[in-house]
Amino acid sequence: MLLAVAATEIEMQPLLSMRPPDAGVSYLLSGVGPLETAVRLTSHLARLAELPAAVLNFGVAGAYLPPAPGDSMPEVLDVCLAEREVFGDFGIAFGDRVEPFAVPELGGVDDMTLDPELALRAGAILSHVGVRFHRGPFVTVAAASGTADRGRFLQQRHRALCENMEGAAVARVCREFGIPLVECRVISNLVEDRPGRPWHLQPACRKSAEIAGLLLDHLRDELP
Ligand SMILES: O=C(O)c1cccc(C(=O)CC[C@H]2O[C@@H](n3cnc4c(=O)[nH]cnc43)[C@H](O)[C@@H]2O)c1
């Protein structure tokens, strides 16, 4: 059994509408943000008689701007596969900067490498069908970045591709339960000064659901 997790109806619904009910896959709406996600996912997993073989976290994300002109970064509707997930706004905020606590004991697990084998498999599945994608670190924030400066800070601090509001919480819970996680998102917007350009939420959600369906179909056949 695989578990597909998305934050909102607008991200989940296109996947459900394009797939028949499937004995090999279950679905969970995590809600928006790391707290709601950790609570709902933990509560869901704790009630299962058998844990899923893997979790897929999918949906949309905001791409950080290129650190220097000409640098390659994801653009709107690009596909991104996570190598790591980091809690980007855990610590002490100085304007757009976030610094870790000086006392290490105050820190929890805030930087997680995702299952490398699963990430490789997911990458191979995407490549096999000709889907181009970016691979790299993702940042999770409780407060979506509203300025390009904050985005630039988080991008440079973590060498990250994009930000979202759930992935690190999913990673932390999966680590606790010993479940491999793969995370794949499609860019709906750029992290820039608000209000910025309009978001491409609907096409990004549709594309993200198509990619999620593809990954679920292949991984369901490959995993125990
Ligand atoms: O209206 C807003 O300002 C707003 C801010 C963040 C997310 C939303 C959504 O409706 C989408 C839900 C989902 O999208 C992820 N997401 C997408 N872009 C970003 C971003 O630039 N920063 C953080 N999260 C983003 C996130 O995982 C949300 O759960 C609306």
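What you see is a predicted model, and the numbers here were worked out from it, not measured in a lab. Going along each chain's sequence as written, the residues are numbered from 1 onward. Only residues with pLDDT of at least 70 are given local features in this predicted model, and only at 80 or more are side-chain atom pairs given and counted; all residues enter the totals for whole chains, interfaces and linings. Only hydrogens and water are removed before side-chain values are computed, so all heavy atoms of the structure are retained for them.

Novice: Please explain the site of the ligand as it appears in this structure.
Specialist: Near residues are defined by distance, with any heavy atom within 4 Å of the molecule or strand qualifying the residue. Around the ligand, a shell composed of 18 residues is seen, among which Glu 163, Met 165, Glu 166, Asn 189 and Arg 194 lie nearest. In protein, a polar contact means a hydrogen-donor-capable atom and an acceptor-capable atom, both N or O and within 3.5 Å, with residues adjacent in sequence counting only if both atoms are side-chain atoms; elsewhere, any N or O pair within 3.5 Å suffices. One of the backbone N or O atoms of Gly 62 is found 3.3 Å from a nitrogen atom in the ligand. The secondary structure listing takes helices from DSSP runs of H or I that are at least 4 residues long and strands from runs of E that are at least 2 residues long, numbered from the N terminus. Among the secondary structure elements, those contributing two or more residues to the shell around the ligand are β3 (54-63), β9 (162-164) and β10 (181-190). Classification used: nonpolar for Ala, Val, Leu, Ile, Met, Phe, Trp, Tyr, Cys and Pro, charged for Asp, Glu, Lys and Arg, polar for all others including Gly. Here the shell around the ligand is composed, by residue class, of 9 nonpolar, 4 polar and 5 charged.

Novice: Please clarify how the pattern of salt bridges should be interpreted in this entry.
Specialist: Two side chains bearing opposite charge may form a pair once their charged atoms approach each other closely. Here a salt bridge means any side-chain nitrogen of Lys or Arg lying within 4 Å of a carboxyl oxygen belonging to Asp or Glu. One pass over the full model with this rule turns up 15 salt bridges. Two residues, Arg 121 and Glu 117, come together in a salt bridge whose shortest N-O distance is 3.1 Å. Note that Arg 121 and Glu 117 are positioned in helix α3 (residues 116-128) at a spacing of 4 residues, about one turn of the helix. Each of Arg 19, Asp 217, Arg 220 and Asp 221 takes part in salt bridges that share partners, so that together they form one network.

Novice: How should I be thinking about the nonpolar core in this particular structure?
Specialist: In globular proteins that are soluble, nonpolar side chains generally tend to be buried together. Here the nonpolar core consists of buried residues drawn from Ala, Val, Leu, Ile, Met, Phe, Trp, Tyr and Cys, with membership extended through side-chain atoms lying within 4.5 Å. Partly exposed describes any residue whose relative accessible area lies between the buried limit of under 20% and the exposed limit of over 50%, with all areas from a 1.4 Å probe on protein chains only and scaled to the type maximum. Counting residues in each nonpolar core, the largest one holds 30 residues, and the members touching the most others are Phe 58, Leu 126, Leu 215 and Leu 219. The set of elements that each furnish at least two residues to this core consists of β1 (2-6), α1 (9-17), β3, β4 (79-87), α3, β10 and α6 (201-222). Excluding residues that lie within four positions of it along the chain, Leu 126 makes contacts with Val 79, Val 131, Phe 133, Cys 184, Ile 211, Leu 214 and Leu 215. Of all hydrophobic cores here, the second largest spans 25 residues; its members include Leu 3, Ala 82, Cys 174 and Ile 187. What makes two residues a contact is simply this: any of their non-hydrogen atoms within 4.5 Å.

Novice: What is the right way to look at α6 in this model?
Specialist: Given 3.6 residues per helical turn, the α-helix brings residues three or four places apart onto the same face. Expected helix span is taken as 1.5 Å per residue step, with the number of steps being one fewer than the number of residues. Under the 1.5 Å per step criterion, the end-to-end length of α6 is 31 Å for 22 residues, consistent within 8% with the ideal 32 Å. Within α6, the full set of buried residues consists of Ala 204, Cys 205, Ser 208, Ala 209, Ile 211, Ala 212, Gly 213, Leu 214, Leu 215, Leu 216 and Leu 219.

Novice: Sorry, what's going on with the pairing of β4 here?
Specialist: One face of the sheet, then the other: side chains in a regular strand alternate in exactly this way. The element β4 is largely enclosed, with a buried count of 7 among its 9 residues. Across 7 bridges, the pairing between β4 and strand β8 (residues 133-140) is parallel. For Phe 87, the partnering residue across the bridge sits in β8 and is Thr 140. As defined by bridge partners, β4 adjoins β10 across 3 bridges and the pair is classed as antiparallel. Paired with Leu 81 across the two strands is Cys 184, which belongs to β10. With 3 bridges joining them, β4 and strand β7 (residues 111-113) adopt antiparallel strand pairing. Note on β7: the bridge partner recorded for Val 86 is Asp 111. Being paired, for any two strands, means DSSP has found at least two bridges between them.

Novice: Teacher, can you tell me more about the environment of Leu 118 here?
Specialist: With respect to the secondary-structure elements, Leu 118 resides in helix α3. Under the relative-accessibility criterion, Leu 118 is labelled buried at 3%. Once the C-alpha coordinates of Leu 118 and Ala 160 are considered, the two residues, 42 residues apart in sequence, prove to be 20 Å apart. In this structure, Leu 118 is in contact with Ala 54, Pro 180, Leu 181, Val 182, Leu 219 and Leu 223, ignoring residues within four places of it in sequence.

Novice: When you look at the packing of aromatic side chains in this model, what are you seeing that I'm missing?
Specialist: To describe a pair of aromatic rings, you give the distance between the ring centres and the angle between the ring planes. To pair, rings of Phe, Tyr and Trp, with the six-membered ring standing in for Trp, must have centres within 6.5 Å; the planes then decide the type, stacked if under 30 degrees apart, edge-to-face if over 60, and tilted in the middle. Counted by the stated rule, this structure contains 1 aromatic pair. Ring geometry for Phe 90 and Phe 101: centres 5.6 Å apart, planes at 85°, overall edge-to-face. With a gap of 11 residues between them, Phe 90 in the loop between β4 and β5 (92-94) and Phe 101 in the loop between β6 (97-99) and β7 connect regions that are remote in the sequence. Accessibility expressed as a relative area gives 37% for Phe 90, which makes it partly exposed.

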